[in-house]
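Analysis of the macromolecular model
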Amino acid sequence: MNRKQWILASVLFDFTALTAYAVWRHGYLGLFQLAVSSWGAALLFVDLTIALGLVLIWMMGDSRERGLSFLPYALLTLAFGSVGPLLYLIRREGRVPAPASLMQRAAT
């Protein structure tokens, strides 16, 4: 694993532990009840939904260009939020460098 993967894995570990604790304390559905319990919480929930939607769109295109599977990471994102993108980035960083088409596009 390279440095980026170690950092991502550390964030993933910590976030997964926090997620497990929150689910243990409030239950999976209880998290959604908390998310709409006030206008401030609802704002954060909607903002997170928009941000993760944008990440999913990026992940779909990037996974096609790199020949990586998208569906498992999309399902993880829908079920557990940032877990999906973090795992995708760890896998993506472990792959060979980007295809030549990506490198050419970045140069222009």
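Heads up: these notes are all about the structure in this document.

With that out of the way, let us pick up helix H4 (residues 71–80). For H4, every residue scored as buried is listed here: Tyr-73, Ala-74 and Thr-77. Taken down its axis, H4 places every buried residue within 100° of arc, on the same side. Looking at the buried positions of H4, the neighbouring elements they touch are helix H3 (39–66) and helix H5 (83–94). Downstream of H4 by one or two residues, Gly-81 has phi in the positive range, about 70°.

Side-chain pairs of opposite charge can arise whenever the charged atoms involved come near each other. Following the criterion strictly, the structure yields 3 salt bridges and no others. The shortest N-O distance in the salt bridge between Arg-92 and Asp-62 comes to 2.7 Å. In this pair, Arg-92 is assigned in helix H5 and Asp-62 in helix H3, connecting sequence segments 30 residues apart. When its relative accessible area of 18% is taken as the criterion, Arg-92 is described as buried. Here Asp-62 falls in the buried class, since its relative accessible area comes to 7%. Across the salt bridge formed by Glu-93 and Arg-92, the nearest N and O atoms sit 4.0 Å from each other.

Definitions and cut-offs
- Residues numbered from 1 in each chain as written.
- Predicted model: local features only at pLDDT ≥ 70, side-chain atom pairs only at ≥ 80, totals over all residues.
- Heavy atoms only, no water.
- Buried < 20%, exposed > 50% of the residue type's maximum accessible area, 1.4 Å probe, protein only.
- Helix = DSSP H or I, 4+ residues; strand = E, 2+ residues; numbered from the N terminus.
- Arc of directions from axis to C-beta.
- Contact = heavy atoms within 4.5 Å.
- Salt bridge = Lys/Arg side-chain N within 4 Å of Asp/Glu carboxyl O.

As far as function goes, none of this settles anything; it's purely spatial.
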